[in-house]
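# Fold and contact review
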Amino acid sequence: MSIKTRITLLVVAIVFSTAFAITSASQYVLKEGMKETINAEQFARLSNIANAIDQKFHSRQILLETFAQAIPAEKLRHPEQLQAYLASFTTLKDAFDNVALLDLNGLLVANYNRQTPVGKINLADRSYFIDAIKNDAATISQPLANRINGKPQVVMSQPVHDKSGAIAYVLTGAIDLHEPNFLGEFANLKFGKSGYMFILNTDGIVVDHPRKDRILKASNADGFSTTAAEKALKGFEGSTEALNRYGVYGLYSFKRLQSTNWILGAIFPASEAFAPIELMQRKALGAALILSVCAGMLVWWASWRQLEPLLRLARHMKIVREKKTYLPLGGSFHDDEIGSLAIAFDALMRDRENAIAEATAGAQHMNSILAHAGDAFISSDAQGRVTEWNRQAEETFGWTREEVLGKMLSDLIVPLRMREAHDRGLAQFVKTGQGAILNKRIVVSAMRKDGKEIPIELTIAGIKQGEQYTSNAFIRDISDRQLSERKLADSEKRLRMITDNLPALISYVDNDLVYQFANGYYRTSFGFDPEKMIGRPVLDVYGADNFAKIAEQCALALQGRRVHVERSQFANGKTKHLAVDYNPDFAEDGSVIGLYVMGLDITDRKEAELRQAESEERLRTLADNLPAQIAIIDTRQRYVFVNRHLARVTGLTPEQMVGMSMLEGRGAEINAFVQPFVARVLAGEKVRFQGEVSKDGKISHYESTFVPAQNNAGTVIGFYAMTFDISHRKRIETMKDEFISTVSHELRTPLTSINGALGLLTAGVMGDLPPKARDLLLVGQRNVERLVRMITDMLDIEKIETGRMTFDIATCDVASIILQAIESSKSYAVQYGVTMHLVTELGNAFARLDHDRFLQVLINLLSNAIKFSESDGTVEVALTLEENFIRVAVTDHGCGIPQQFYDSIFQKFSQADSTNKRKKGGSGLGLSICKPIIEKMGGQIGFTSVLGKGSTFFVQIPALVLENA
């Protein structure tokens, strides 16, 4: 094969191979760089989404917690009111598909979705309910299926506390995983055209997926599991590559959600990610092939024209190569271009031998210097091709010397966005030897082999070689230096931000008392600009008068002592109280080089101390003038406070008793008597008890109340004791008991006889009476009956107050007792022209109660309703079952009850007003008797009223479920 053919083929091969290699390498680098960029962007995007989802959960949890804290205590005591209360908060519906309240047994009490039957669904076995009760904290459940409709959901739970701090209910919010509001604006987010986002929990269960049929199923339910998902389940976070179940190769990213520890994942198909690069690669290879063919044809033609005269010279060179040293060219040549070339070549080769020897020595010396240089050294020719690349350049940019020699420098280390400016600068340099960055030290960005950009410090020098200019560059990677500078700047920024937002004066002065730092609180407290304080002496900033107050402390601190002082300063029109600490700053040799100054504004505390002192003095005066023995006692049973009345009883002064034990202050007998009550109050219980003391043969009665004292954490730290002398009250009660006994025996017995006699007369036992006489006897009989009822009521009140009223509890039919009460009240209703109706849909309603006492309550309620109804009016009696209680409501349509009497309606002798007393009559004892009777039977009594429209009095008693009822 001729030299022309070989040269042609070689040129074609070199051109094609070089083009192919450069194209492939650049495409590979670009692809790897793009992959890293896509992975980083995808992971960053996923991390932002994860943070947003965490924030959504956190916002929903705060919403539940806020609602739980906002539920009034009254609602918590009446579960039947919770449904209406919950329904009124429509804002919860925006965040949850359903919100529900569960009692401590897991029973549904209230919920948004009314199709879920209240009182019939029990969720006590759900983990979110169990965890909320167990940990007394908010929880987020794992994905689960709704027990009613089977929909996949996540449930957030929040304990609801009563006034005492105990858990009363569990508030839950359900999020439907099929609904778009689960992820909100992220629900339809895609990565590329067909990439998507999904969520797994740590057990591999699908929480969210574009294919909704996969939710609540295991990620490997069909027997296929991606390696990427398996890595994520083992704790991996970041980006990776893998095949999915459909054989699609994709870029995966995974990020854990902080609120639930779920795994947020995303897939971006690789074919979509790298489609532009692959298209570019195909076009580049085609262009390289065309370029190679054209170059080959050109070389073939040029070789044919130019190489023939050089065959002789080629043969000589062959001999020279075999000898490995240059031999002078013998013979003669014609006086033409070839002859001149041969002669010139011979001379050139001899000079070359000498130059090579000198250059080799110089190059070895230079290479030694460059190899050990601390900076990267790069040399390039006029075309921008690399001619030198030292060891430090290899470490800085990742390219080996062999890889870069002869390559375009811009393709190796100049970022793509900067290449156009680089090419313009190179063109100017080649043409003029001048450049904007020559012989200057500048900071720019450069690109490593892996595509990563790094900051460098660059110095370029130009050298003219012949008619052309070449460049030498010294480069230093300053990534670590810039990182340190950024960290320092960030640290200073954070320090400034932290100190500016602290409610304290913070500053630093040098040993000449000149400000070097001051935070923003100086502006808030004194109106000083912190920026203008820097470099100024403390004396100039504060003025001579204020500086005189702190000069001594500054001097002590500069001697190496830590100083704390409280002082006052007038600023912004008022006096401020400050607690200031001066801490010396020591140099390595132990000398003080400055002071750290921190001042806290304690004005509020000082003013509070003054107010507290005034309050304590007022409390002392008040306590000393009360007709009671008052003391505050700590947990060691030692007096902390004693009023003068208590001290007078013991024969001591209050000052003597403070610090004294109860045993020392009151003696062994009284101390032993009160110890059980002390134990109860120190356990957190309010205690009231009575006792007696014998002194000088005289017995005195007293009543004491012990109330626990608690700190902000709810811990009992002692108790308040108040004791009253009730000897006079005891004498009055004894007289009252004797009077009631007299009433019982001396009045009720003859009145009963009179009532019986009048009844016989009006019944015609003694013959027919004249109408007027009979009417007079009926009036008398009614008055006697009223007196008997009043006496009976008074006796019942006395029994209730003394605890002597007995109850015969048995299983009773409530409906039957209502009918008896209506029948017993008919005659009374006829007198007022009132009719009574029973309204109920219940067949049997059984409860455990005292038949006669319950009948007494119903008759009392009916008589009141009849008495306050208009003539021809009606009284309705409603019997209903509400949850686990039987409710009996008596409604009249009379005048109603004024609101100012609501609080006293169940007190003794309480009636609406004086007008009603004169018009309606009555003792005012009936309702005060009804309330304790119902409460003794485990029930409740209450009322509602609308002025001018009537009132409803109701009783609720626990229902009894009979198996055969």
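Keep in mind it's a predicted model, so treat the numbers as computed, not measured.

This next bit is on the overall build of the chain. Scanning the chain for helices and strands turns up 31 helices and 33 strands. When the 965 residues of the chain are sorted by exposure, 39% land in the buried category. Taking the intrachain contacts of the chain between residues at least 6 apart in sequence as the baseline, contacts between residues at least 24 apart amount to 51%. As displayed, the chain offers around 55,000 Å² of accessible surface, 56% of which is attributable to carbon and sulfur atoms.

What the 5 strands build is an open sheet, ordered 28-30-31-33-32; its pairing is mixed. In this open sheet, the two edge strands, each paired with only one partner strand, are strand 28 (835-840) and strand 32 (940-946). In this sheet, adjacent strand axes meet at a mean angle of 15 degrees when their direction is disregarded. Across 6 bridges, the pairing between strand 28 and strand 30 (residues 874-882) is parallel. Following the sheet pairing, His837 is matched in strand 30 by Glu876. The sheet strands contacting helix 27 (residues 814-824) are strand 28, strand 30, strand 31 (885-891) and strand 33 (950-958), and the helix crosses strand 30 at an angle near 170 degrees. Sheet strands in contact with helix 31 (residues 926-936) are strand 32 and strand 33, and its direction is about 135 degrees off that of strand 32.

Let us look at the environment of Ala557. Mapping Ala557 onto the fold places it in helix 19 (residues 544-558). In sequence terms Ala557 and Asp585 are 28 residues apart; their C-alpha atoms lie 9.2 Å from each other.

Bringing the pairing of strand 30 into the picture now. Examined bridge by bridge, strand 30 and strand 31 share 7 bridges and lie antiparallel to one another. Bridge assignment links Thr880 to a residue of strand 31, and that residue is Arg887. Hairpin connection, strand 30 to strand 31: the antiparallel pair is bridged by 2 residues, and Glu883 has positive phi, about 55 degrees.

When pLDDT is averaged along the chain, the result is 82; 85% of the residues meet or exceed 70. For residues 914-918, every residue scores under 50 in pLDDT, and the model assigns this stretch 4 contacts once sequence neighbours within four places are set aside.

On to the pattern of salt bridges, then. By the definition in use, this model includes 25 salt bridges. Here Asp213 makes a salt bridge to Arg211, at a shortest N to O gap of 3.1 Å. Since its relative accessible area comes to 38%, Arg211 is described here as partly exposed. Several salt bridges share partner residues, and in doing so they unite Arg441, Glu457, Arg481 and Glu485 into one network.

What follows concerns the sheet that holds strand 23 (residues 639-642). The 5 strands lie next to each other as 23-22-26-25-24, forming an open sheet whose pairing is antiparallel. Of all the strands in the sheet, the pair left with one neighbour each is strand 23 and strand 24 (687-695). Within the sheet, the average angular offset between the axes of one strand and its neighbour, ignoring direction, is 25 degrees. Summarising the sheet, strand 22 (residues 629-634) and strand 23 pair through 3 bridges and their orientation is antiparallel. Within the sheet, the bridge partner assigned to Ala631 lies in strand 23 and is Val642. Relative to the sheet, helix 24 (residues 668-682) contacts strand 24, strand 25 (698-710) and strand 26 (716-725), its axis offset from that of strand 24 by approximately 170 degrees.

With that settled, consider the side chain of His209. By the element assignment, His209 lies in the loop between strand 8 (206-208) and helix 6 (227-233). Owing to a relative accessible area of 7%, His209 belongs among the buried residues under this scheme. Here the side chain of His209 touches Arg214 through a polar contact of 3.3 Å, side chain to side chain. Filtering out sequence-adjacent residues up to four positions away, His209 remains in contact with Tyr196, Phe198, Arg214 and Ile215.

Every regular strand shows the same layout, with side chains that alternate between the two sheet faces. Strand 17 (residues 504-510) sits mainly inside the fold: 7 of its 7 residues count as buried. Burial along strand 17 is two-sided: Ala504, Ile506, Tyr508 and Asp510 and Leu505, Ser507 and Val509, pointing in opposite directions, are all buried. As defined by bridge partners, strand 17 adjoins strand 21 (residues 592-601) across 7 bridges and the pair is classed as antiparallel. Opposite Asp510, over in strand 21, you have Gly594 as the bridge partner. With antiparallel pairing between neighbouring strands as the criterion, strand 17 and strand 18 (residues 515-518) make up a hairpin whose turn holds 4 residues, including Leu513 at a positive phi of roughly 60 degrees.

Turning our eyes to something else, we now look at the nonpolar core. Grouped together as the largest cluster of nonpolar side chains are 44 residues, with contacts concentrated most on Ile71, Leu101, Val160, Tyr169, Leu171 and Leu264. Looking at which element gives the most residues to this core, the answer is helix 1 (residues 3-70), with 9 residues. Judged by nonpolar contacts, the second largest core, of 43 residues, contains Ile817, Ile866, Val877 and Ile897.

Before going further, it helps to examine the packing of helix 27 against helix 29 (residues 851-867). Interhelical geometry of helix 27 versus helix 29 gives an angle of 50 degrees and a closest axis separation of 9 Å. Put simply, helix 27 runs oblique to helix 29. Two packed elements cross with a definite hand, and for helix 27 against helix 29 that hand is right-handed. Where helix 27 abuts helix 29, its residues Val814, Ile817, Ile818, Gln820, Ala821, Ile822 and Ser824 lie against His851, Phe854, Leu855, Leu858, Ile859 and Leu862.

Further remarks concern the packing of aromatic side chains. Aromatic ring pairs are described here by two measures, namely the spacing of the ring centres and the angle between the planes. Per the stated rule, a full pass over the model turns up 23 aromatic pairs. Here Tyr196 and Phe198 contribute two aromatic rings whose centre-to-centre distance is 6.1 Å and whose plane-to-plane angle is 55 degrees, an arrangement assigned as tilted. Judged on exposure class, the residue Tyr196 and its partner Phe198 are both buried. Considering the side-chain rings of Tyr508 and Tyr596, the 4.9 Å spacing of their centres and the 55 degrees angle between planes classify their relative orientation as tilted. Of this pair, Tyr508 sits in strand 17 while Tyr596 sits in strand 21, and the two are 88 residues apart along the sequence. Judged by relative accessible area, Tyr508 falls into the buried class, the value being 16%. Look at Tyr596 and you get partly exposed, because its relative accessible area is 42%. The rings of Phe673, Phe677, Phe689, Phe706 and Phe719 are connected pair by pair, giving a single aromatic cluster. Positioned over the ring face of Phe236 is Lys231, at 4.3 Å from the centre of the ring.

Reading guide: rules and limits
- Residues numbered from 1 in each chain as written.
- Predicted model: local features only at pLDDT ≥ 70, side-chain atom pairs only at ≥ 80, totals over all residues.
- Heavy atoms only, no water.
- Helix = DSSP H or I, 4+ residues; strand = E, 2+ residues; numbered from the N terminus.
- Buried < 20%, exposed > 50% of the residue type's maximum accessible area, 1.4 Å probe, protein only.
- Contact = heavy atoms within 4.5 Å.
- Areas by Shrake-Rupley, 256 points an atom, 1.4 Å probe, with all protein chains shown as cover.
- Pairing = 2+ DSSP bridges.
- Axes fitted to C-alpha atoms, helices over the stretch in contact; angles between N-to-C directions.
- pLDDT = per-residue confidence, 0-100.
- Salt bridge = Lys/Arg side-chain N within 4 Å of Asp/Glu carboxyl O.
- Polar contact = N/O pair within 3.5 Å; in protein donor to acceptor, adjacent residues only side chain to side chain.
- Core = buried A, V, L, I, M, F, W, Y, C linked by side-chain atoms within 4.5 Å.
- Parallel < 35°, antiparallel > 145°, perpendicular 65-115°, else oblique.
- Left-handed = near helix turned anticlockwise from the far one by under 90°.
- Phe/Tyr/Trp six-rings, centres within 6.5 Å; stacked < 30°, edge-to-face > 60°.
- Lys NZ or Arg CZ within 6 Å of the ring centre and 35° of its normal.

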